Amino acid sequence: MGNLKVQLGELTLSNPVMTASGTFGYGEEYADFVDINTLGGIVVKGTTLHAREGNAYPRMAETAKGMLNAVGLQNKGVDGFINEIYPRIKNFKTNILVNVSGSTVEEYIETAEKINELDAIPGIELNISCPNVKEGGMAFGTSCPSAIAVANAVRRVYKKHLMVKLSPNVTDITEIAKGVEGAGADSVSLINTLLGMAIDVNSRKPVLSTITGGLSGPCIKPVALRMVWQVAQAVNVPVVGMGGIASTEDAIEFLLAGASAIQIGTANFIDPTITIKVINGIREYLEINQMDDVKQLTGALITR
Amino acid sequence: MKHITDFTVVTNQRETDEFVVLTLQHPGELPSMVPGQFAEVRVDGAENAFLRRPLSIHDVDYSNNTIKLLIQEVGEGTRVLAKLKSGDQLNLVYPLGTGYTLPKSNRVLLVGGGCGVAPLLFLGRHFVENGIRPKFLIGGRTAATLIRLDAYEQLGDVYVTTEDGSAGHKGFVIHHPIMKTETPEFDHIYTCGPDAMMKVLAKYAGSRGITCQVSLENHMACGFGACLCCVTPTVDGHKCTCVDGPVFDSKYLKWEI
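Rules used in this analysis
Residues numbered from 1 in each chain as written. Chains lettered and ligands numbered in written order. Predicted model: local features only at pLDDT ≥ 70, side-chain atom pairs only at ≥ 80, totals over all residues. Heavy atoms only, no water. UniProt positions renumbered as here; feature names shortened; annotations may be inferred. Helix = DSSP H or I, 4+ residues; strand = E, 2+ residues; numbered from the N terminus. Rg over C-alpha atoms; globule rule 2.2 N^0.38 Å. Buried < 20%, exposed > 50% of the residue type's maximum accessible area, 1.4 Å probe, protein only. Contact = heavy atoms within 4.5 Å. Areas by Shrake-Rupley, 256 points an atom, 1.4 Å probe, with all protein chains shown as cover. Lys, Arg positive; Asp, Glu negative; His and termini not counted. Charge placed at Lys NZ, Arg CZ, Asp CG, Glu CD. Polar contact = N/O pair within 3.5 Å; in protein donor to acceptor, adjacent residues only side chain to side chain. 1 Å grid on protein atoms, 1.4 Å probe; cavity = no way out; pocket = protein on both sides within 12 Å on 5 of 7 lines; lining within 4 Å. Domains from an automatic or database assignment. Buried area = accessible area lost by both parts, 1.4 Å probe. Salt bridge = Lys/Arg side-chain N within 4 Å of Asp/Glu carboxyl O. Expected span 1.5 Å × (residues − 1). Arc of directions from axis to C-beta. Nonpolar A, V, L, I, M, F, W, Y, C, P; charged D, E, K, R; others polar.

- Where an unreviewed UniProt entry is consulted, chain B appears under the name Dihydroorotate dehydrogenase B (NAD(+)), electron transfer subunit, with the organism given as Natronoflexus pectinivorans.
- In its Subunit (unreviewed entry) section, the UniProt entry covering chain B states "Heterotetramer of 2 PyrK and 2 PyrD type B subunits."
- According to the UniProt record, the Pathway (unreviewed entry) comment for chain B is "Pyrimidine metabolism; UMP biosynthesis via de novo pathway; orotate from (S)-dihydroorotate (NAD(+) route): step 1/1."

- As annotated in an unreviewed UniProt entry, chain A carries the name Dihydroorotate dehydrogenase and is attributed to Natronoflexus pectinivorans.
- Here is the UniProt Function (unreviewed entry) comment for chain A, exactly as written: "Catalyzes the conversion of dihydroorotate to orotate."
- Check the Subcellular location (unreviewed entry) section of the UniProt entry for chain A; it says "Cytoplasm".

1. Some thoughts on the overall build of chain B
So, point 1. When you go through chain B residue by residue, the secondary structure sums to four helices and 16 strands.
So, point 2. Relative to the compact-globule value of 18 Å for 257 residues, chain B shows a C-alpha radius of gyration of 18 Å, a close match.
So, point 3. Its C-alpha atoms give chain B principal-axis dimensions of about 50 × 40 × 35 Å.
So, point 4. Split into buried and exposed, the 257 residues of chain B put 57% on the buried side.
So, point 5. By sequence separation, contacts in chain B at least 24 residues apart represent 60% of the contacts at least 6 residues apart.
So, point 6. Summed over all atoms, the accessible surface of chain B reaches about 10,700 Å², with 48% contributed by carbon and sulfur.
So, point 7. Charge centroids of chain B, computed over 24 positive and 28 negative side chains, lie 4 Å from each other.

2. Considerations on the side chain of T162 of chain B
All names here are of chain B.
So, point 1. Along the chain, T162 falls in strand β10 (residues 157–162).
So, point 2. A polar contact of 3.1 Å, which involves the side chain of T162, links it to the backbone nitrogen of G165.
So, point 3. Among the polar contacts listed, one links the side chain of T162 to the backbone nitrogen of S166, at a separation of 3.1 Å.
So, point 4. Setting aside residues no more than four positions away along its own chain, T162 makes contact with G140, R141, T142, A143, L146, A167, H169, K170 and G171.

3. Some thoughts on the UniProt feature "binding site: [2Fe-2S] cluster" (unreviewed entry) in chain B
So, point 1. Summarizing the sequence annotation, UniProt attributes the feature "binding site: [2Fe-2S] cluster" (unreviewed entry) to C222, C227, C230 and C242 of chain B in the numbering used throughout. Taking the farthest pair of C-alpha atoms as the criterion, the annotated set spanning 21 residues converges on one region, since that pair is 10.1 Å apart. Residues from the annotated list that form part of the lining of the largest cavity: C227 of chain B.
So, point 2. Relative to the helices and strands, C222 of chain B resides in the loop between β13 (211–215) and β14 (231–234).
So, point 3. Apart from residues no more than four positions distant in its own chain, C222 of chain B is found in contact with F269 of chain A together with E40 and C227 of chain B.
So, point 4. Residue position: C242 of chain B is located in the loop between β15 (237–240) and β16 (247–249).
So, point 5. Excluding residues that lie within four positions of it along the chain, C242 of chain B makes contacts with F38, L96, G97, M220, G223, F224, G225 and C230 of chain B.

4. Looking at the UniProt feature "active site" (unreviewed entry) in chain A
All names here are of chain A.
So, point 1. Per the UniProt entry, the sites bearing "active site" (unreviewed entry) are C130 in this numbering.
So, point 2. Inspection of the secondary structure puts C130 in the loop between β8 (123–127) and α3 (138–141).
So, point 3. The exposure class of C130 is buried, given its relative accessible area of 7%.
So, point 4. Those residues in contact with C130 that lie beyond four places of it in its chain are L73, G137, M138 and N192.

5. A few points about the domain arrangement of chain B
How big an interface is tends to be stated in terms of the accessible area lost upon association of its parts.
Residues and elements named next belong to chain B.
So, point 1. Examined at the domain level, chain B breaks down into domain 1 (3–96) and domain 2 (108–215).
So, point 2. Of note, the centres of domain 1 and domain 2, computed from C-alpha atoms alone, are 24 Å apart.
So, point 3. Opposite the 18 residues of domain 1 that make contact, domain 2 presents 17 residues.
So, point 4. Across the interface of domain 1 and domain 2, roughly 1,400 Å² is buried in total on both sides, 65% from carbon and sulfur atoms.
So, point 5. When residues of domain 1 are sorted by the area they lose upon contact with domain 2, P35, H58 and D59 head the list and together hold 37% of the total.
So, point 6. Inspection of the region where domain 1 meets domain 2 yields three salt bridges.
So, point 7. Two residues, R148 and E15, come together in a salt bridge whose shortest N-O distance is 3.9 Å.

6. Topic: unusual backbone geometry
Working note: non-glycine residues mostly have negative phi, and peptide bonds are mostly trans.
So, point 1. A cis amide bond links Y94 of chain B with the next residue in sequence, P95 of chain B, at an omega value of -20 degrees.
So, point 2. Summarising the element assignment, P95 of chain B is placed in strand β7 (residues 89–96).
So, point 3. In this chain, G245 of chain B is followed by P246 of chain B through a cis amide linkage whose omega measures 10 degrees.
So, point 4. Structurally, P246 of chain B is set in the loop between β15 and β16.
So, point 5. Not every positive phi belongs to a glycine, and R204 of chain A is a case in point at roughly 60 degrees.
So, point 6. Topologically, R204 of chain A is positioned in the loop between β12 (199–200) and β13 (205–206).
So, point 7. The phi dihedral of R148 of chain B is positive, around 55 degrees, even though this residue is not glycine.
So, point 8. Its location among the elements puts R148 of chain B in the loop between β9 (135–140) and α3 (149–153).

7. A look at helix α9 (residues 274–288) of chain A
All names here are of chain A.
So, point 1. Across its 15 residues, α9 extends 20 Å between first and last C-alpha, which sits within 8% of the 21 Å expected from 1.5 Å per residue.
So, point 2. Burial in α9 covers these residues: I274, T275, V278, I279, G281, I282 and L286. Angularly, the buried residues of α9 cover 165 degrees about the axis, an arc narrow enough to put them on a single face.
So, point 3. Elements in contact with the buried residues of α9: β3 (17–19), α7 (248–256), β16 (261–264) and α8 (267–270).
So, point 4. At the C-terminal side of α9, Q290 shows a positive phi close to 50 degrees.

8. Re the interface of chain B and chain A
So, point 1. On the side of chain A, 34 residues touch chain B, which itself brings 28 residues to the contact.
So, point 2. Both sides of the chain B and chain A interface together cover about 2,600 Å² of buried area, and 61% of this is carbon and sulfur.
So, point 3. Taken together, chain B and chain A are joined by two salt bridges.
So, point 4. At the junction of chain B and chain A, the tally comes to 11 residue pairs in polar contact (both at pLDDT 80 or more).
So, point 5. The set of elements that each furnish at least two residues to the side of chain B that touches chain A consists of β1 (3–14) and β15 of chain B.
So, point 6. Of the residues that constitute the side of chain B that touches chain A, the class distribution is 16 nonpolar, seven polar and five charged.

9. So, the pattern of salt bridges
So, point 1. Evaluation of the coordinates by the stated rule reveals 21 salt bridges over all chains.
So, point 2. With a closest N to O distance of 2.6 Å, E28 of chain A and R88 of chain A form a salt bridge. Placement of the pair is E28 of chain A in the loop between β3 and β4 (41–47) and R88 of chain A in helix α1 (residues 77–89), with a sequence separation of 60 residues.
So, point 3. A salt bridge links R14 of chain B to E73 of chain B, with the nearest nitrogen and oxygen atoms 2.5 Å apart. Residue R14 of chain B is located in strand β1, and its partner E73 of chain B is located in the loop between β6 (66–72) and α1 (76–82); the two are separated by 59 residues in the primary sequence.

So this is what it looks like as structure tokens:
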């Protein structure tokens, strides 16, 4: 049987399938559908220093082969996570990464420092790409100097795996990727949602309370795949690919483009068991193609 | 516990131009469900219906392991569901959400508007099984929009309003004579339907010391508390309609009424 184990720096994943922040809650929400311990990792909901109520309803609009969301980082704050949620999930035998966001560099630092103390959290995913908050979030990830500044600052205080989640809403994503790699990121994950919009023609109003929101789902996959391919060639740290993955074939495309691991997001809403299907599907793909290690797929794109 | 299961369509009964009732066979013993809970139904073969459709559990028959879903054709997704035929498979994630709670007294009024009548049949049956005879107040635009009145009449008294007066009392549900008596014949209102209707009922209940449980229909992506898209403002802040609801005590909601 082919090996599915992959390394992201010091972090060992039993297989390359992770779940994307904001689509998988804290894992518990899916415990009736899948054995969480069989996943390569889960990235839990975006967490900020202080509790946030998020944006007003409506926060979601269905689109062709996708959806827009404008949740706006609703969460209980890092202390709420540590006191209420962490005790419930710390015994999951998978890699639990916390997605960390903030409005200021100081907020990122303080949140990361607190999560650094949690034994069962081997890494964070630094969110410099949330399009749905007024301050911070994507603003950090769309300019090279600010992306480097926040990654640098968090790197100084955070001792475990530092994954940085990149925004696709930029002119050249490879510049940002190289910047955060230089600042000490252990891996980069991409892509976050694409900034989008929907209008109700009957009311002539925006569908979302925030007017614009983040587009996800299969409709963004070609864009995500292209960016993963570009970034994988530009950096030396492992790349975690995501954006519209909804099948084994999608996942393998991202690996071939250069990803060492992948995250499944929006597809969990339509099929809550999709992660397990993709893990089994990758295993079958290796068998059919007589490959003995999933790592052989990473970057194995044939371009001639 | 939540399940993900392929049901088989037994019948697709057309009720009106807009509404069908699907009867779905479960492959084994049905899990226990609470009235007011819902299913997230996967729509196969609709180009522009990407997400599952949240639909109330309309009725449950534990002896035959079947459930019913009432479907109003409002868009591409529900149009595809309304075309399903006997023998077709339908994938459900269910039972989801927090349903209605049983009352402390036996005097209950169940008020439905439009497709909001859907969960009230299962709820009415639940009351009958617990020795409570419910009263139903059902509102529609016209006589042609009233669905399955005979099914409700088998469980309790049914009162009807239509906006054009083509059936029952003319007006909205709040205008029905049973809402006008000085001392109402009920202590608890259970409602599902348009927000405007439910807000009027919540105000009515609040001013008379009556409890009012309302079922919300906020747009959802996941249906089980992962995406946080379907929130409603409550006295405790934003709460997910899919997990903390869809049924809420109206006093818990931050409604301007």
